[in-house]
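Here is what each chain is made of, one letter per residue.
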Amino acid sequence: MTSGLWELVLKGIWVTVQLLVFSAALAAAVSFVVGIARTHRLWIVRFLAGFYTEVFRGTSALIMIFWVFFVLPPAFGWQLVPMWAGTLALGLTYGAYGSEIVRGALNSVDPAQREGGIALSFTPWQRLRLILLPQAVPEMIPPFSNLLIELLKGTALVSVMGMGDLAFSGNLVRLALQESAEIYTYILLIYFVIAFLLTRVMRGLEKKLKAGLGRVPEGGGKKLPAPRPETTAVGAEAAGGR
């Protein structure tokens, strides 16, 4: 390929990375807000969070992109640029899947931990922040890693809006060179490299979080000693109250 075509591909990679970062940030925020709401003690909060989850899990991400880009803006009299339309559609869609990860991880925490927080007179917010989330978040990392890879692959859907992401740029190069096998092989390899790097980053994050709890991921080697109670946030707050 010529330098001009390679430059087009590099611009496509940059657009894809930006879209991935923005939509992943939105999806993470939605995942935690909706996932925590799914465990709320009020039934109306659980119902609304569950309704959101079912709606976005039950619709096509591609059709959601079309809807956000072509249907939603005219209804409000404004127009979204492709980047923000893609971010909104992908973030809300994958956030619905992520909310189930958060809900499941929170519910997997030993009930005795919750009871201990109640015994220490912690408020619901303190129990969530000091007891539940520190233990649940490390368990969320592996499924979140898979979801992030799925989101990366889902970014290719924005090419239907004419957005110059990696998939769109690769198709332009293919049309210019009239060579499908070589170009699409390059594109596949680029997606694989990005996904591999994301996997390594998430695995490192998982090890770091579990090390803080005195645990290591499966196959991670020697188990670390559990932190002393007085060195943890829960133990420090409990000690301060005595």
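Residues numbered from 1 in each chain as written. Predicted model: local features only at pLDDT ≥ 70, side-chain atom pairs only at ≥ 80, totals over all residues. Heavy atoms only, no water.

### Focus on the packing of aromatic side chains
Thought 1: Applying the stated criterion to the full structure yields 10 aromatic pairs.
Thought 2: Relative to phenylalanine 47, the ring of tryptophan 43 has its centre 6.5 Å away and its plane inclined at 55°; by these criteria the two rings are tilted. With tryptophan 43 and phenylalanine 47 both in helix H2 (residues 43-57), this residue pair falls four residues apart, about one helical turn.
Thought 3: The exposure class of tryptophan 43 is exposed, given its relative accessible area of 59%.
Thought 4: Relative accessible area serves as the criterion here: at 49%, phenylalanine 47 is assigned to the partly exposed category.
Thought 5: Linked through ring pairs, Trp43, Phe47 and Phe51 together constitute an aromatic cluster. (Phe/Tyr/Trp six-rings, centres within 6.5 Å; stacked < 30°, edge-to-face > 60°. Helix = DSSP H or I, 4+ residues; strand = E, 2+ residues; numbered from the N terminus. Buried < 20%, exposed > 50% of the residue type's maximum accessible area, 1.4 Å probe, protein only.)

### Comments concerning the environment of phenylalanine 144
Thought 1: By secondary structure assignment, the location of phenylalanine 144 is in helix H6 (residues 124-154).
Thought 2: Once the C-alpha coordinates of phenylalanine 144 and serine 31 are considered, the two residues, 113 residues apart in sequence, prove to be 10.0 Å apart.
Thought 3: In this structure phenylalanine 144 touches Ser31, Phe32, Gly98, Ile101, Val102 and Met202, once residues within four positions along its chain are discounted. (Contact = heavy atoms within 4.5 Å.)

### Examining a nonpolar patch on the surface
Thought 1: The grouping of Leu42, Trp43, Ile44, Phe47, Leu48, Phe51 and Val55 at the surface amounts to a nonpolar patch, some 730 Å² of accessible area in total.
Thought 2: By the element assignment, valine 55 lies in helix H2. (Patch = residues over 30% accessible without salt bridge, like charges linked within 9 Å, V, L, I, M, F, W, Y side chains within 5 Å. Areas by Shrake-Rupley, 256 points an atom, 1.4 Å probe, with all protein chains shown as cover. Salt bridge = Lys/Arg side-chain N within 4 Å of Asp/Glu carboxyl O.)

### With respect to the pattern of salt bridges
Thought 1: Applying the stated criterion across every chain, the model contains six salt bridges.
Thought 2: Residues glutamate 54 and arginine 57 are paired through a salt bridge, measuring 2.8 Å at the closest nitrogen-oxygen approach. Within this pair, glutamate 54 and its partner arginine 57 are both found in helix H2, separated by three residues, close to a single helical turn.
Thought 3: Judged by its relative accessible area of 46%, glutamate 54 is partly exposed.
Thought 4: A salt bridge links glutamate 150 to lysine 153; the nearest nitrogen and oxygen atoms lie 3.1 Å apart. In this pair, glutamate 150 and lysine 153 both sit in helix H6, three residues apart, roughly one turn of the helix.
Thought 5: Among the ionic contacts, a cluster of salt bridges with common partners joins Arg38, Glu100 and Arg103.

### Brief notes about the side chain of threonine 16
Thought 1: As for its position among the elements, threonine 16 is in helix H1 (residues 3-37).
Thought 2: In this view, threonine 16 contacts Leu152, Thr155, Asp165, Leu166 and Tyr191; residues no more than four positions away in its chain are not counted.

### Things to note about the confidence of the model for the protein
Thought 1: Taken as a whole, the protein shows an average pLDDT of 85; of its residues, 87% reach a score of 70 or greater.
Thought 2: The low-confidence segment residues 223-236 (pLDDT under 50) makes 19 contacts with residues lying over four places distant or belonging to another chain. (pLDDT = per-residue confidence, 0-100.)

### Considering H2
Thought 1: Its 15 residues place the ends of H2 21 Å apart at the C-alpha level, agreeing with the 21 Å of an ideal helix rising 1.5 Å per residue.
Thought 2: All buried positions along H2 are accounted for by Ala49, Gly50, Tyr52, Thr53 and Phe56. The buried residues of H2 occupy an angular sector of 155° when the element is viewed end-on, so they sit on one face. Exposed residues lying more than 90 degrees from the buried face of H2 are Trp43, Leu48 and Phe51.
Thought 3: In this structure, the buried side of H2 is in contact with H1, helix H3 (61-76) and helix H4 (82-107). (Expected span 1.5 Å × (residues − 1). Arc of directions from axis to C-beta.)

### Brief notes about the packing of H3 against H4
Thought 1: For the pair H3 and H4, the least separation of the axes is 9 Å and the interaxial angle reads 135°. Judged by the inter-axis angle, H3 sits oblique to H4. The interaxial crossing formed by H3 with H4 has right-handed handedness. Between H3 and H4, the residues in contact are Ala61, Met64, Ile65, Val68, Phe69 and Leu72 and Pro82, Ala85, Leu88, Ala89, Leu90 and Thr93, respectively.
Thought 2: Among the residues forming the contact of H3 with H4, the class breakdown is 11 nonpolar, one polar and no charged. (Axes fitted to C-alpha atoms, helices over the stretch in contact; angles between N-to-C directions. Parallel < 35°, antiparallel > 145°, perpendicular 65-115°, else oblique. Left-handed = near helix turned anticlockwise from the far one by under 90°. Nonpolar A, V, L, I, M, F, W, Y, C, P; charged D, E, K, R; others polar.)

### Quick notes on unusual backbone geometry
Thought 1: Within the chain, serine 121 stands out as a residue other than glycine whose phi angle is a positive 65°.
Thought 2: Counting through the fold element by element, serine 121 comes out in the loop between helix H5 (111-119) and H6.
Thought 3: Look at serine 121 and you get exposed, because its relative accessible area is 61%.
Thought 4: With phi around 55°, glutamine 178 is a residue other than glycine that occupies positive phi space.
Thought 5: Along the chain, the position of glutamine 178 falls in the loop between helix H7 (166-177) and helix H8 (180-212).

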